[in-house]
Amino acid sequence: MPDQFDLPRRLAAEALGTGILVATVVGSGIMAETLTKDVALALLCNTLPTGAILVVLITVLGPISGAHFNPAVTLVFTGKRELPVNDAALYVVAQVAGGIAGTMAAHLMFGLPLIDLSAKMRTGGPQWFAEAVAAFGLIATILAGIRFQRTAVPWLAGLYITAAYWFTASTSFANPAVAIARSLTNTFSGIRPADLPGFILAELCGALAAMLLMNWLLGHPQARGPIPIAETTR
C-alpha cells in the first residue's frame, strides 16, 4: 500500500510512471508516423501501446504511490482527503517533471531534438468538451473500480483510455501532466503550448464533476439495491 512507502519513493514512482507513460505515447506516435501515412492506422498504433503500458505501470507502481501519474487523479484523491495537500503538490511536480523527461527520452530514442515545441492545433469547444468527458470517464472508472473490483483497476484504466482514444474528439489526453509533456513534441501526439490552458481546465473540470457524482453514486446506500449479475448465477 502507498502508506507503507516514504514520500521520496512515492514521488520517484510518480515521476517514473508518468515518464514511461509519456515516452510510450510520444514514442509510439513517432514510430507510427515513420511506418505509415494512414492517420487511422497511426492512431491505432498510438492507442494500443498506451493502453497496454497503463496496465503495466498501474500494476507495478500502484502499490508504491497509488499510480496517479495524473494531476487530475491527484486532485480527486486530495479532494477525498486521501492525500495531504502538501504531498499532492509534490505529486504534481513529480508528474510534470517525469512527463517532460518522458518526451525527452522518446526524442532521444528517435534522434530528434530533446525539446521541440508542438505546432499541432488542438483547440475549440468540441475539443475542450471531449477532454472534460475523457477525464470524467477516467475518474469514474477509477473510483468505481476501487470500490467494486480494486484488483482490476489497472485493466479498467488501460481499457478505458484505449476506448477513449477513439470515442473522444481530442483523442483523450485526460491528464494535465501528459498534456504539458506533449506540448514539447512536434510529432504525431503533440499539442500547441497555446492550447494547453483550455485542455487542462477541461480535464480538471471533468475530474471534479466525476468525483462529485461518484461520491454520491457510491456513497452509503440505504438499501441493498439490485442483485449483482454474478450472484444471480450462483
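Everything discussed here concerns the structure shown above.
Residues numbered from 1 in each chain as written. Predicted model: local features only at pLDDT ≥ 70, side-chain atom pairs only at ≥ 80, totals over all residues. Heavy atoms only, no water.

### Focus: the overall build of the chain
Threshold: Helix and strand definitions here come from DSSP, where helices need a minimum of 4 consecutive H or I residues and strands a minimum of 2 consecutive E residues; each element is numbered from the N-terminal end. Here the radius of gyration uses the C-alpha set of atoms, whereas the globule reference equals 2.2 Å times the residue count to the power 0.38. When a residue's accessible area, from a 1.4 Å probe over protein chains only, is under 20% of the maximum for its type it is buried; when over 50% it is exposed; and in between it is partly exposed. Any two residues whose heavy atoms approach within 4.5 Å at even a single point are treated as in contact.
Of regular secondary structure, the chain possesses nine helices and zero strands. Its C-alpha atoms give the chain a radius of gyration of 18 Å, near enough to 17 Å, the size a compact globule of 234 residues would have. Taken along its principal axes, the extent of the C-alpha atoms in the chain is 55 × 40 × 35 Å. Expressed as a percentage of the 234 residues in the chain, the buried residues total 49%. For the chain, long-range pairs separated by at least 24 residues make up 78% of all intrachain contacts whose partners lie at least 6 apart in sequence.

### Here's the deal with the packing of aromatic side chains
Here is the rule we go by: Pairing of aromatic rings covers Phe, Tyr and the six-membered ring of Trp, with a centre-to-centre limit of 6.5 Å; geometry is then stacked below 30 degrees between planes, edge-to-face above 60, and tilted otherwise. Sitting over a ring, as applied to charges here, requires NZ of Lys or CZ of Arg to be within 6 Å of the ring centre and within 35 degrees of the ring normal.
The final tally for this structure, using the stated rule, is two aromatic pairs. With 6.2 Å between their ring centres and 75° between their planes, Y160 and F167 make a pair best called edge-to-face. Residue classification places Y160 among the buried positions, given a relative accessible area of 13%. Overall, the relative accessible area of 48% leaves F167 in the partly exposed class. Here the guanidinium or amino end of K120 rests over the ring plane of F188, the centre of that ring lying 4.8 Å away. In this structure, R182 is placed above the aromatic ring of F173, and the distance from its NZ or CZ to the ring centre is 3.6 Å.

### Examining the side chain of T18
Looking at the secondary structure, you find T18 in helix α1 (residues 7–35). Residue class for T18 comes out buried when judged on its relative accessible area of 0%. For T18, the residues in contact, after removing those within four places along its chain, are F69, Q95, G98, G99 and A177.

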